[in-house]
Amino acid sequence: MQNRDHWVDYAKGLGILLVVIGHVSRGAFHGGVPMDADVFKLVDSVIYSFHMPLFFFLSGIFFIPSLNKYGRRRLILDKLDTVFYPYVIWSLIQGVIEVFLSRYTTAKTSMVDVLSLLWQPRAQFWFLYVLLLIFIVMALCYRERRGIVSWILPVALVGAWALRFHVAMPFPIDFLATYLIYFYIGTTTPRWLSRIQQHAGLASILSALIFSTLAWVYHIKLGHVFSDPSLLALPLAVSGIGLVCSLSVMLSKRAHQTTTWIKRIGIYSMPIYLMHILAGSGVRIVLSKFMHIDDATVHIVLGTVIGIALPLVVVRMTTTPPTNKLRYLFQPPGWLSFKARSGN
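Residues numbered from 1 in each chain as written. Predicted model: local features only at pLDDT ≥ 70, side-chain atom pairs only at ≥ 80, totals over all residues. Heavy atoms only, no water.

Caption draft 1: Broad picture of the overall build of the protein chain. Along the backbone of the protein chain there are 14 helices and zero strands. Of the regular secondary structure in the protein chain, the N- to C-terminal order runs α-α-α-α-α-α-α-α-α-α-α-α-α-α. For 344 residues, the compact-globule formula gives about 20 Å, and the C-alpha radius of gyration of the protein chain, at 20 Å, lands near that figure. With respect to the three principal axes, the spread of C-alpha positions in the protein chain is 65 × 55 × 50 Å. For the protein chain, the residues scored as buried account for 46% of the 344 residues in total. In the protein chain, once contacts between residues fewer than 6 apart in sequence are set aside, the share between residues at least 24 apart is 78%. (Helix = DSSP H or I, 4+ residues; strand = E, 2+ residues; numbered from the N terminus. Rg over C-alpha atoms; globule rule 2.2 N^0.38 Å. Buried < 20%, exposed > 50% of the residue type's maximum accessible area, 1.4 Å probe, protein only. Contact = heavy atoms within 4.5 Å.)

Structure (structure tokens):
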């Protein structure tokens with residue numbers, strides 16, 4: 001569809017904003033910044049119930065078109081360049097910095113933890129690790145099927161999602177069982193996207209009603225947090241995804257200067273995801289240790305703003321000499337590129 005790329009950027013923008021707020025809030029709470037614990041836990045649980053499923057869903061939207069266009073081998077090579085490379089670079093950068101700043105933060109990090117990245121991702125980088133595995137698994141296993149056979153994969157994925165609540169699974173099998181279903185749902189989106197675009201207002205209202213009802217039952221009535229085993233967790237996450245996506249379609253249709261910043265941060269959601277923990281932690285350290293500011297609102301607002309703004313500044317520096325070599329923080333040079341070395 002004509003507006004598909006635009007609404008996806010808005011959805012990524014809303015999603016990465018929630019990611020940054022969630023991580024900054026967690027850092028402040030666990031760092032001892034005074035705040036209402038009950039309110040924090042409720043907001044944290046609501047955000048985490050759908051914001052990472054959202055990104056797996058959005059990643060799945062372009063999987064089949066990319067697979068048809070590039071083929072399995074080239075698609076995997078592309079993900080090694082665009083997902084695995086920044087995963088390694090930023091795991092090392094953030095890990096080394098965390099080792100040196102351990103005395104100022106709540107986490108105690110060792111170089112052994114940092115160098116275990118190939119089998120045990122740290123901090124927010126688990127998402128890239130699992131996303132790469134999902135792309136590889138889907139690229140190798142996905143086949144176009146029709147009729148009753150087409151139901152085998154979604155039924156199996158729902159079964160795996162439910163089973164992981166009752167069976168102890170080793171990493172990364174547990175994460176694959178949790179998030180593959182959302183990626184798969186994303187692959188089905190192009191089939192009904194035009195209907196969502198035509199009725200985005202109605203879709204957003206219905207999604208909001210369903211999500212708010214399920215969130216009330218799940219988080220307040222039942223007292224669950226986002227990681228608790230419950231069959232409600234899947235429809236809760238899907239309704240949250242539906243709400244963000246329908247709102248994003250509406251924003252893309254009525255683009256205005258007051259909202260285009262959401263699209264912009266969506267376009268650069270990867271650099272923001274890679275850098276926001278360092279930026280947010282740095283803000284918290286400065287405010288708490290050096291300025292002795294313990295106001296939760298100041299920590300969350302300033303940490304969120306810097307967590308988004310600093311990566312955008314760095315991205316800007318990657319396009320202008322003499323700092324344009326900073327682009328290698330996000331993309332491999334030719335001699336390291338899997339696609340370039342393969343001749344693609």
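From this point, things continue past the structure.
Caption draft 2: Here's a closer look at the packing of aromatic side chains. Taken as a whole and judged by the stated rule, the model has 23 aromatic pairs. Considering the side-chain rings of Phe 135 and Phe 183, the 5.1 Å spacing of their centres and the 80 degrees angle between planes classify their relative orientation as edge-to-face. Here Phe 135 is found in helix α6 (residues 126-141), whereas its partner Phe 183 is found in helix α8 (residues 173-198), with 48 residues between them in sequence. Judged by relative accessible area, Phe 135 falls into the buried class, the value being 7%. (Phe/Tyr/Trp six-rings, centres within 6.5 Å; stacked < 30°, edge-to-face > 60°.)

Caption draft 3: Fine view of the environment of Ser 252. In this fold, Ser 252 is placed in helix α10 (residues 233-253). Measuring from C-alpha to C-alpha, the distance between Ser 252 and Leu 18 comes to 19 Å, with 234 residues separating the pair along the chain. Only 2.7 Å separates the side chain of Ser 252 from the backbone oxygen of Val 249, close enough to count as a polar contact. (Polar contact = N/O pair within 3.5 Å; in protein donor to acceptor, adjacent residues only side chain to side chain.)

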